[in-house]
Amino acid sequence: MRRRAREALTGYAFLLPALALFAVLGVYTIVYGLLLSFARWNGFTAHWSWVGIGNYLDLLYRDAAQAPQVRSAAINTAVIMVGIPLLTVVAGLPLALALNRITRLRTALRTIFFLPYVTAGVAVFYAWSYVLQPEGSVNWLLQTLGLGTLAQPQGFLGNPTTALPTLIVVQAWSAIPVAMLLYLAGLQAIDPEVLDAARVDGASGVRTVTAVIWPLLRPITAAVIMLNLRDALQGFQLFLVVTNGGPGGHTNVLGLQTYNLAFFSDLRPTLGLSSALGWMLFVVALVLAGINVRVLRSRT
Amino acid sequence: MKARVIAYVILAIYTVVSVYPFAWMVSAAFKNSTDVFAGGQLIPAHPTLSTFARTWGELDFVRYFGNSLVVTAATTAGVLVVYSLAGYAFAVLRFPGRRLLYAGFLALLFVPGITVLLPVVILQQQLGLLGTRLGIILPFVNGTAPLSILLLTNGFRSVPSELRESARCDGASEFRTFLSIYLPASRPALVTVALLTAVPTWNEYVLTRVSLNDPALFTLPLGLQSLTSTTAPQYNIVMAASLIVVVPVVVLFVLLQRYFVNGLVGAVKG
């Protein structure tokens, strides 16, 4: 009995630093943010003025300045939530299949393919800005290859129609390595006898992939899609660094909108609006997580 | 045979795609201002080290590099201390509320960073930590909690419990057992957590940007961003600075990549 009490006390003592951080930076900030989402504040005055669910209504439809911005950011976010996971799966699986097929160079290639993931950050985003600018190497390369009609005189990020698709490609470029790695692990876990059986039955390579491998890898595809949905919903660093929502709001996303409402609205009382938008993102993230759990349960 | 040729073609194409921006980053970093403005040409016509020298010395990147090292090292050390203790408690010790607390930490994974970003900055201000290194290190440490606890708890669970029993028989305290048996036995998990903390911290930009005001404390990403705040950024300098940010990460990854790979696969499975 005494031994159990002692062990419990030791357990709490070991947890103490983690719990202290969790209480202050986790629980406190979450509650604070939730309360702030029901108030109006510019960050400088002494008091908040409570507005109930007013901030949420303003964001959704009521405020003539905010609501249209939120709506277009939501549409852009929805577009990248389709585009990024799709591109990641479409590129990640063939790469894993190809890597699984070869024997030589596999480790070296895996290392190279992983660079976009580990280096993802401001530095690489600037490198993309550099190659995508009007005089940049992508335009130069297209012209050299005789594909000058595809070149973008305003730059790929300066043209409102190409900016968002370009950012989707760049974001997927950073995400593909993880998808490839997970698919590769999945492929290596498939029983070779299953593939042999398919071959004996006369299935072609393509047929084996579509009829045997793809269904077996479905849990991995679900995981890859969920990871990327989450990042597409919450991540905005690329958008902040490369376009800051431009040109003309064509690459504004909800995370970026929340950020700018919180930190770049001068003295306007938009902190409550920012918190409310952050909480709406939280709710969507929870719904996605709930779907994730159900999908994984039903498949495995 | 045919399939293998197709495989190599796909892989060759994607190798080009993977290294494309890095190749141009290196190229621009070794160009002078005239050549970088002229565009084209992957191989610099007049390769020069002066762009680097200028970025490193005159533009203070040696200081930003030092700041980044301090913040990254302190965050990583903090994560290892705080969450290896917590992971040990969750993996080995029995106490009321264990499952609930564990689930609570993992649930943090679902809170989008942007949702708590503003409250964190307000908290920094309330605690007088806004604009200080400690003010960003603490949220960085807390931000890794779900993943670190997950990986370290799993790591400690795989240590055979007989080791703990025999240490107890020898009269070792709980802390002693943790320190001299569990930590050494879980080195791979510790290295994985260290890497998965250090690399994102090194690259962190969003919170750092709104927390730090004093250029003397700027980390590399902020120093890099300050180069582009002018209307016409000089891309040879920006790319030299980017290379300074990227190279340490690449070196770390190439040396320790199996820990990365284990960590990523482990995180998704868990």
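The numbers attached to residues start from 1 for each chain and follow its sequence in the written order. As they are written, the chains are lettered A onward and the ligands numbered 1 onward, keeping that order. Where totals are concerned, whole chains, interfaces and linings use all residues; where local detail is concerned, this predicted model gives features only for residues with pLDDT of at least 70, and gives and counts side-chain atom pairs only at 80 or more.

Enquirer: Help me understand the overall build of chain B, please; the structure alone is not making it clear to me.
Expert: Numbering goes from the N terminus for both helices and strands, where a helix is a DSSP run of H or I of at least four residues and a strand is a run of E of at least two. When you go through chain B residue by residue, the secondary structure sums to 14 helices and zero strands. From first element to last, N terminus to C terminus, chain B shows the α and β order α-α-α-α-α-α-α-α-α-α-α-α-α-α. By principal-axis analysis of the C-alpha atoms, chain B measures approximately 75 × 65 × 35 Å. A residue is called partly exposed when the number of other C-beta atoms within 10 Å of its own lies between 12 and 20, exposed at 12 or fewer, and buried at 20 or more, with C-beta atoms placed from the backbone. A total of 270 residues make up chain B; the buried ones form 44% of that total. Contacts are defined on C-beta atoms placed from the backbone: any two residues whose C-beta positions lie within 7 Å are in contact. Across chain B, every contact between residues at least 6 apart in sequence was considered, and the portion connecting residues at least 24 apart equals 75%.

Enquirer: Mind showing me how you'd approach the overall build of chain A here?
Expert: Broken down by element type, chain A carries 13 helices and two strands. Here the C-alpha radius of gyration of chain A, 24 Å, is well above what a compact globule of 300 residues would show, namely 19 Å. Across its three principal directions, the C-alpha atoms of chain A cover 75 × 75 × 30 Å. For chain A, with 300 residues in total, the buried portion stands at 45%. The contacts of chain A with a sequence gap of at least 6 include a subset with a gap of at least 24, amounting to 67%. We compute the radius of gyration from the C-alpha atoms alone; for a globule the expected value is 2.2 Å times N to the 0.38, where N is the number of residues.

Enquirer: Please clarify how unusual backbone geometry should be interpreted in this entry.
Expert: Residue P247 of chain A is reached from G246 of chain A by a cis peptide bond, and omega for that bond is -10 degrees. In this fold, P247 of chain A is placed in the loop between α11 (237–242) and α12 (254–263). A positive phi angle, near 70 degrees, is found at D60 of chain B, a position not held by glycine. Overall, the presence of 17 C-beta atoms within 10 Å leaves D60 of chain B in the partly exposed class.

Enquirer: Help me understand the nonpolar core in this model?
Expert: Side chains of nonpolar character tend, in soluble globular proteins, to be buried together. Counting 164 residues, the largest nonpolar core has A127 of chain A together with M239 of chain B as the members making the most contacts within it. Per-element accounting of this core gives the leading share, 16 residues, to helix α7 (residues 160–189) of chain A. When residues are assigned to domains, this core turns out to be shared by domain 1 (1–48) and domain 2 (61–269) of chain B, each giving three or more. By convention the nonpolar core is taken to be a set of buried residues drawn from Ala, Val, Leu, Ile, Met, Phe, Trp, Tyr and Cys and joined through C-beta atoms within 7 Å. Boundary definitions for the domains trace back to an automatic or database domain assignment.

Enquirer: Can you walk me through the environment of N154 of chain B in this structure?
Expert: All names here are of chain B. Relative to the helices and strands, N154 is located in helix α8 (residues 145–157). Looking at N154, the number of C-beta atoms within 10 Å reads 18, which means it is partly exposed. Taking C-alpha positions, N154 is 7.2 Å from A91, a pair spaced 63 residues apart along the chain.

Enquirer: Even after reading the chapter, I still don't get the domain arrangement of chain B, so can you show me in this structure?
Expert: Quoted interface sizes are often the accessible area lost when the parts come together. All names here are of chain B. Under the domain assignment used here, chain B contains domain 1 (1–48) and domain 2 (61–269). Between the C-alpha centres of domain 1 and domain 2 the distance comes to 33 Å. Between domain 1 and domain 2, the residue contacts involve eight residues of the former and seven residues of the latter. Ranked by the residues each element gives to the side of domain 1 that touches domain 2, the list is headed by helix α1 (residues 2–29), at four residues. Here the residues of the side of domain 1 that touches domain 2 are counted per class, giving five nonpolar, two polar and one charged. Three classes are used, and their members are as follows: Ala, Val, Leu, Ile, Met, Phe, Trp, Tyr, Cys and Pro are nonpolar, Asp, Glu, Lys and Arg are charged, and the others, Gly among them, are polar.

Enquirer: What is the right way to read the confidence of the model for chain B from this model?
Expert: All names here are of chain B. Residue-level confidence of the predictor, termed pLDDT, takes values from 0 up to 100. Summarising the model, chain B shows a mean pLDDT of 89, and 98% of its residues fall at 70 or more. Looking across chain B, the model is least confident in helix α2 (residues 33–38), with a mean pLDDT of 78, and most confident in helix α4 (residues 61–92), with 96. Both scores are given for the predicted complex: the pTM is 0.91, the ipTM 0.90.

Enquirer: Would you mind going over the environment of I84 of chain A with me for this structure?
Expert: All names here are of chain A. Among the structural elements, I84 can be located in helix α3 (residues 66–101). Considering only alpha carbons, one finds I84 and Q171, 87 residues apart in sequence, at a separation of 6.9 Å. Ignoring any residue separated from it by four or fewer positions in sequence, one finds I84 in contact with I168, Q171, A172, A175, N228 and A232.

Enquirer: What am I meant to see in helix α6 (residues 137–144) of chain A here?
Expert: Taken together, the buried positions of α6 of chain A are occupied by S137, V138 and N139 of chain A. Turning to α6 of chain A, the residues buried within the fold contact α5 (122–132) of chain A together with α1 of chain B. Positive backbone phi, at 75 degrees, marks G146 of chain A, one or two positions downstream of α6 of chain A.

Enquirer: Would you mind showing me how to read helix α7 (residues 133–143) of chain B here?
Expert: Residues spaced three or four apart along an α-helix point in a common direction, a consequence of the helix completing one turn every 3.6 residues. Counting buried residues along α7 of chain B, nine of its 11 residues qualify, which places the element largely inside the surrounding structure. Where α7 of chain B is concerned, the buried positions are G135, I136, I137, L138, P139, F140, V141, N142 and G143 of chain B. Those residues of α7 of chain B that are buried are in contact with α1 (2–36) of chain A together with α4, α6 (113–126), α8, α11 (187–203) and α12 (206–211) of chain B.

Enquirer: Help me understand the packing of α7 of chain A against helix α10 (residues 218–234) of chain A in this model?
Expert: All names here are of chain A. Between α7 and α10, the least distance of the axes is 10 Å, while the angle of their chain directions is 165 degrees. Comparing the axis directions of α7 and α10 gives the class roughly antiparallel. The crossing of α7 and α10 is right-handed. Contacts from A175, V178, A179, L182, Y183 and G186 in α7 reach I220, A223, V224, L227, N228 and D231 in α10. Orientation is described by lines fitted to C-alpha atoms, with helices fitted over the stretch in contact, and by angles between N-to-C directions that extend from 0 to 180 degrees. Reported orientations rely on four angle classes, namely roughly parallel under 35 degrees, roughly antiparallel over 145, roughly perpendicular from 65 to 115, and oblique for the rest. Left-handed describes a crossing whose near helix is turned anticlockwise from the far helix through less than a right angle; right-handed describes the clockwise counterpart.

Enquirer: Quick question: what am I supposed to make of the confidence of the model for chain A here?
Expert: Low pLDDT marks stretches whose predicted atomic positions should not be read closely. Chain-level statistics for chain A give a pLDDT mean of 89 and a share of 98% at 70 or above. Considering each helix and strand of chain A separately, the mean pLDDT is smallest for helix α8 (residues 192–200) of chain A, with a value of 82, and largest for α3 of chain A, with 94.

Enquirer: Can you help me understand the environment of F37 of chain B in this one?
Expert: All names here are of chain B. Locating F37 in the fold gives a position in helix α2. Its 13 C-beta neighbours within 10 Å are what place F37 among the partly exposed residues. Residues F37 and L127, spaced 90 residues apart in sequence, show a C-alpha to C-alpha distance of 47 Å.

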